[in-house]
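# Structural overview
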Amino acid sequence: MALDKTEVEKIAHLARLHISESEAEEVTTRITDILTLIDQMQSVDTEAVEPLAHPLDVVQRLRVDEVTEENQRDTLQQLAPASEDGLYLVPKVLD
Amino acid sequence: MEWETVIGLEVHVSLSTKSKLFSGSSTEFGAEPNTQANIFDCALPGTLPVFNEEALRMAVRFGVAIGAEIGKRSVFDRKNYFYPDLPKGYQVTQLDFPTVGKGALTVTLADGSEKVIGVTRAHIEENAGKSLHEEFHGMSGIDLNRAGEPLLEIVSEPEITSAEEAVAYLKKLHTIIRYLDISDAIMAQGSMRCDVNVSIRPKGETELGTRTEIKNINSFRFVEKAIYSEVERQQEILEDGGRIIQETRRYNADKDITTSMRSKEVANDYRYFPEPDLLPVVIDDEYIAAVKAQLPELPDARKARFMDEYALSNYDAGVLVSSREMAEYYEIVASKSGDSKLAANWVSQDLLGMLNKNNLEITDSPIQAERLATLIARIKDSTISGKIAKTVFEAMITEASDVDAIIEAKGLKQVTDSGEIEKLVLEVIENNPAQVQQYKDGKEQVIGFLVGQCMQLSKGKANPGQVNELLREKMQ
Amino acid sequence: MINSTVAEISAALAAGDISSVEITQAYLDRIAALNGDLNAFITVCEDSALQQAKAADDARANGDDSPLLGIPLAHKDIFCTKDVLTTCGSRMLHNFVSPYNATVVELFNSAGTVLLGKTNMDEFAMGSSNETSYFGDVKNPWNTECVPGGSSGGSAAAVAADLCAMATGTDTGGSIRQPAAFCGVTGFKPSYGRVSRWGMIAFASSLDQAGPITKSAEDAALMLNVMSGLDKKDSTSIDRPVEDFTASLNQPLKGLRIGVPKQHFAEGLSAEVEQAVRDALAEYEKLGAIIKEVDLTNSHLSVSAYYVVAPAEASANLSRFDGVRYGYRCEDPVDLEDMYKRTRSEGFGEEVKRRIMIGTYALSAGFYDAYYRKAQKIRRLIKDDFDRAFEEVDVIIGPTSPHTAFKLGSKSDPVSMYLEDIYTIAVNLAGLPAASIPVGVANGMPMGMQIIGKYFDEAKILNVAHQFQQHTDWHKQKSSAIAAANGEA
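How each quantity is defined
- Residues numbered from 1 in each chain as written.
- Chains lettered and ligands numbered in written order.
- Predicted model: local features only at pLDDT ≥ 70, side-chain atom pairs only at ≥ 80, totals over all residues.
- Heavy atoms only, no water.
- Helix = DSSP H or I, 4+ residues; strand = E, 2+ residues; numbered from the N terminus.
- Buried < 20%, exposed > 50% of the residue type's maximum accessible area, 1.4 Å probe, protein only.
- Contact = heavy atoms within 4.5 Å.
- Areas by Shrake-Rupley, 256 points an atom, 1.4 Å probe, with all protein chains shown as cover.
- Lys, Arg positive; Asp, Glu negative; His and termini not counted.
- Charge placed at Lys NZ, Arg CZ, Asp CG, Glu CD.
- Domains from an automatic or database assignment.
- Pairing = 2+ DSSP bridges.
- Buried area = accessible area lost by both parts, 1.4 Å probe.
- Polar contact = N/O pair within 3.5 Å; in protein donor to acceptor, adjacent residues only side chain to side chain.
- Nonpolar A, V, L, I, M, F, W, Y, C, P; charged D, E, K, R; others polar.
- Salt bridge = Lys/Arg side-chain N within 4 Å of Asp/Glu carboxyl O.
- Core = buried A, V, L, I, M, F, W, Y, C linked by side-chain atoms within 4.5 Å.
- Axes fitted to C-alpha atoms, helices over the stretch in contact; angles between N-to-C directions.
- Parallel < 35°, antiparallel > 145°, perpendicular 65-115°, else oblique.
- Phe/Tyr/Trp six-rings, centres within 6.5 Å; stacked < 30°, edge-to-face > 60°.
- Lys NZ or Arg CZ within 6 Å of the ring centre and 35° of its normal.
- 1 Å grid on protein atoms, 1.4 Å probe; cavity = no way out; pocket = protein on both sides within 12 Å on 5 of 7 lines; lining within 4 Å.
- Points joined across faces, edges and corners; volume = space filled by probe spheres on them.
- pLDDT = per-residue confidence, 0-100.

### Quick look at the overall build of chain B
Per the secondary structure count, chain B includes 15 helices and 16 strands. Each of the three principal axes of chain B carries a C-alpha extent, and together these read 95 × 55 × 55 Å. The buried share among the 476 residues of chain B stands at 55%. Counting contacts in chain B only where the partners sit at least 6 residues apart, residues at least 24 apart contribute 68% of the total. Per element, the accessible surface of chain B, about 21,200 Å² overall, is 48% carbon and sulfur. Separation of charge centres in chain B, based on 54 positive and 75 negative side chains, amounts to 2 Å.

If you want it as structure tokens, here you go:
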């Protein structure tokens, strides 16, 4: 499947990536090449095949409902690019 | 043109587990920002989710309570979108295989009629954190304490046709959730939130009209008002020949209108796919049976029992079971006072009136069930009259001492000493010769006035039956 | 002694011939001498390594005789290590000092190993040549003009150049086995679920698995003994008893049924690699094994399916890198969207962005069924192929990579790079265990042979690998430069 630049821009926006004008063409070509590789799988009929999400047929373990964690705010906020009064700061959120 | 309204509700309920859905962080309400957000909740690289068994049990508990199909194999999915209060950049939810499938609720409407409203599904998902918009040099602050708390999203069928039905459905849902003890379900605190999907169509039309979604309404009353205002808006547009745009709207309570929200993403494309860090959740019949066996008596069953066991009217029983705490309170009053009907009146009128006036929950009532039962018992054994009982009740709100002590201290005990009553009667006869003469002339109804005079003289304490009897005797 | 195996160093430590501090210092000196050329390490933990070595020597003096006590190792920089920089080869995490340990790290710490440092890798493990690292290319110790393979190229190069006794790696589509083959060392990818993924920065959750990179199969067994086992913090970790993987290393191979997939000996395989693997198969026959051809019918679809599943999972796994809570944030964002887009565009390299784009596209509205769901179906077909083959054979053997290590910068288009993993990817899609061991040297570069086993049959693979290494010495071969550095002729 070939992609055009508008689609590439749409995907980039969904993924929150910025693609400059100068990159757009190459990115489009590369992704189109990869999609061609991927499309090889379309040659096989898989109508009756169950999708496989996990290699092993195992089920989810459950965790006992206990509080096991302590306050780690100071440690974790040392990693933050911007924080104040215990909050992570980001450019204004508009909704 | 005549229109009909079609409403579907999506209700988010915070499940009251001790720890989060996928981490061991506390879910306690009101903590300092980010003190209940561990490395998983902050989505540090390399961290992984492990599912909280209590969240599963609570969801199944809700499912069996509404007679729903239970998903024996539920699958978590990732819903992808960017938002600063969503640390992983995706929300873990259940898309195709929810834990709770189709079920139904029966609601009672104002005219006493009942309606069954279908529940499409209820799925388990993570809550997001909070964005705080106070000024931080033009920035927003993010608090992740709430991120990862377990939610149950309950989706109704689009079978609700009025604001009244919507509120009845919500109240019923609220009651059941409280009976099940799976959530505080306090709308004002956000532990129960409601999104309303509204569309209208010409009466008789079978196709659904274009719907709008009103997000995050936080009280029953606002749900009602938001629906009225949105239906009105849609009608005006359609009647003017316009079309409804499918969009998300917000209810502005001050202006009583709904307004369009700028959508989080221009075109939402959530790119759902099965969450590879979690495996399918599998439960068997035995598990479901065990949850069922532990269900408490639910509101509908309790209401039927109250009507049967306590000889209550449909209405009274309905009011009393509308909250689990009130039903439990009532049962204590009814059994300890020995008069279930009197108990019903006192609980549903006097007590409830007092609580509403003081903005109190029944669990915080200054008058405990045992005290109210004693008060009613004192009416029954003629220690006080029903009227004096109201005075005692008022006193009980502010005084913690026991009922008998209040009656004693205030001298409210009914006067039944015939000597005392005779004194009152003779005094009234002496002071009202004209009325006495009228009575003697056959004007029977004058007796009411004379009894009233005696009661007034006794400050309400005289036993009205005895007064009546003695008056007639003395006037013969 | 730095060119010795873990088993040999362990014996020397136990005998008191050498102390952990001495061997640790020897490796640190070696790193100081060679890492400038090889760029195998992103971070070297000189001070803490010597402290840990001292502690190990003290523990030994107090009677501790754990097999890996005091052995110096390196962790791939994808494992979170408390108080140590953990970059995942990315600018996005160039400043990320992890506040916690990965379970694998925790397990090695408990076993008393000494952490020399964190090894270079393809950014977020996305690559087959180690050229996508933000911290520069790793050079192949056999020929510094060649790539070491990827994504665990730093670990493979470090083991090959004797910069450490052993190293951890991770393998999503071949990222342990292919660099092991290119660098002439032993690499092992365990069954999916065998080793905890907690603290291992996720690339593709349903494919990622950690494993050892060592100088011998026996060393791999020693490492697996420590790494494996249930971890309740990882829901996909399997609750299955962990055997002593060294116990069956010496089982005779008589009657062993080896499957040879015809699809792995087809067009594209270089003559010298084919010859080396065929010679190895002949060696196995001498040891009593029976060779049978097996048919992995759908193996040609594995690369296609993989490049949907892995990028799709990665596109979501990498959404958390948003500049809010840790890691890189762009300068002076004008608004929220600008912060997201510039942070992610400046913080991620080209290959990572490309895969995020592919994954986002494959999951987007209208394409899910044609891509993601289709790939999951192909995944089942591939697993079924293996299940059928394993009804007839005990292990499957073929080449790890079609050829020897290629020149740095020689593969500029992504598709040709993706095809590098043609023999290894199917194993990840099926979740099977597999090793790569050295099987020969051609034109001065080593070659690898892949041994694939049944689910949780790690011990059998190790047995098969160890027996080969008992009868051949390809795993002991060093490049002339490294041999010279070791003071050998």
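### Thoughts on the domain arrangement of chain B
Per the domain assignment, the segments of chain B are domain 1 (3-289), domain 2 (297-409) and domain 3 (418-474). Just the C-alpha atoms count here: the centres of domain 1 of chain B and domain 3 of chain B sit 66 Å apart.

### Examining the sheet that holds strand 4 (residues 77-80) of chain B
Residue and element names in this part refer to chain B. If you trace the three strands from one edge of the open sheet to the other, you get 5-4-15, paired in antiparallel fashion. Each edge of the open sheet carries a strand with a single partner, namely strand 5 (90-93) and strand 15 (273-274). Across two bridges, strand 4 lies against strand 15 in antiparallel orientation. Bridge assignment links R78 to a residue of strand 15, and that residue is F273.

### Things to note about the interface of chain A and chain B
The interface is formed by 34 residues belonging to chain A together with 54 residues belonging to chain B. Of the roughly 4,000 Å² buried where chain A meets chain B, counting both sides, 58% is carbon and sulfur surface. Here chain A and chain B share 26 residue pairs in polar contact (both at pLDDT 80 or more) between them. Taken together, the elements giving at least two residues each to the side of chain A that touches chain B come down to strand 1 (62-63), helix 3 (73-77) and strand 3 (87-91) of chain A. Top element by residues in the side of chain A that touches chain B is strand 3 of chain A. It accounts for five residues. Looking at the side of chain A that touches chain B residue by residue, the class counts come to 16 nonpolar, seven polar and 11 charged. Looking at chain direction, strand 3 of chain A and strand 9 (residues 139-143) of chain B are connected through four bridges and run antiparallel. Residue pairing in the sheet places P91 of chain A in a bridge with M139 of chain B of strand 9 of chain B.

### Brief notes about the pattern of salt bridges
Taken as a whole and assessed by the stated rule, the structure comprises 56 salt bridges over all chains. A salt bridge links D277 of chain B to R197 of chain C; the nearest nitrogen and oxygen atoms lie 3.0 Å apart. Of this pair, D277 of chain B sits in the loop between strand 15 and strand 16 (281-282) while R197 of chain C sits in the loop between strand 5 (186-189) and strand 6 (209-214), placing the two residues on different chains. Just as D277 of chain B is buried, R197 of chain C falls in that class too. As a salt-bridge pair, R278 of chain C and E274 of chain C come within 3.1 Å of each other at their nearest N and O atoms. Taken together, the residues R278 of chain C and E274 of chain C, both in helix 8 (residues 271-286) and four residues apart, mark about one turn of the helix. You can call E274 of chain C partly exposed: its relative accessible area is 25%. Salt bridges sharing partners connect three or more residues here, namely R78, E275 and D277 of chain B together with R197 and D234 of chain C.

### Let's talk about the nonpolar core
Core analysis: the biggest nonpolar cluster contains 271 residues, and Y169 of chain B together with F124 and F386 of chain C have the highest contact counts within it. Inspection of this core shows a minimum of three residues originating in each of domain 1 (3-289) and domain 2 (297-409) of chain B. If near-sequence neighbours (up to four positions away) are discounted, F124 of chain C is found in contact with C88, S90, M92, L93, I201, F203, L318, F321, F348 and V352 of chain C. Residues F188, V277, V439 and I461 of chain C belong to the second largest nonpolar core, which totals 36 residues.

### Quick word on the packing of helix 9 (residues 302-317) of chain C against helix 11 (residues 350-363) of chain C
All names here are of chain C. For the pair helix 9 and helix 11, the least separation of the axes is 7 Å and the interaxial angle reads 100 degrees. It follows from the interaxial angle that helix 9 and helix 11 lie roughly perpendicular. Residues Y307, V308, P311, A312 and S315 of helix 9 form the contact with helix 11, whose participating residues are R355, I356, I358, G359, T360, A362 and L363. Residues that form the contact of helix 9 with helix 11 fall into these classes: eight nonpolar, three polar and one charged.

### Some thoughts on the pairing of strand 7 (residues 114-126) of chain B
Residues and elements named next belong to chain B. Buried residues dominate strand 7, accounting for 10 of its 13 residues. Pairing geometry for strand 6 (residues 103-108) and strand 7, over six bridges, is antiparallel. Its bridge partner being in strand 7, G103 is matched across the sheet by V119. As consecutive antiparallel partners, strand 6 and strand 7 are separated by five residues, and within that stretch G112 has a phi angle of approximately 90 degrees, a positive value. Examined bridge by bridge, strand 7 and strand 10 (residues 150-156) share seven bridges and lie antiparallel to one another. Pairing of E125 across the sheet is with L151, part of strand 10.

### A few points about the packing of aromatic side chains
When we look at a pair of aromatic rings, we describe it by the centre distance and by the angle of the planes. Applying the stated criterion across every chain, the model contains 28 aromatic pairs over all chains. With a centroid separation of 5.0 Å and an interplanar angle of 75 degrees, the aromatic rings of F51 of chain B and F76 of chain B are classed as edge-to-face. In this pair, F51 of chain B is assigned in strand 2 (residues 51-52) and F76 of chain B in the loop between strand 3 (73-74) and strand 4, connecting sequence segments 25 residues apart. Centroid distance F321 of chain C to Y326 of chain C: 6.1 Å. Interplanar angle 80 degrees. Geometry classified as edge-to-face. Accessibility classification places F321 of chain C together with Y326 of chain C in one group, the buried group. Taken together, the ring pairs connect F96, F124, F321, Y326 and F348 of chain C into an aromatic cluster. Taking the ring centre of F265 of chain C as reference, the NZ or CZ of R278 of chain C above it sits at 4.3 Å. When the ring centre of F406 of chain C is taken as reference, the NZ or CZ atom of K411 of chain C above it lies at 5.1 Å.

### Some details on the layout of surface pockets
Residues and elements named next belong to chain B. Computed from the structure, the second largest pocket encloses a volume of approximately 1,700 Å³. Around the second largest pocket, the lining is made up of 43 residues, and of these K171, T175, V319, S322 and S323 lie nearest the centre. When residues in the lining of the second largest pocket are grouped by element, the largest group, nine residues, is from helix 2 (residues 163-180). Its residues assigned to classes, the lining of the second largest pocket comprises 20 nonpolar, 13 polar and 10 charged. Looking at the lining of the second largest pocket, you find at least three residues from each of domain 1 (3-289) and domain 2 (297-409).

### So, the confidence of the model for chain C
Of all residues in chain C, 100% attain a pLDDT of 70 or more, and the chain-wide mean is 97. Here the complex is predicted with pTM 0.92, and the ipTM for its interfaces comes to 0.97.

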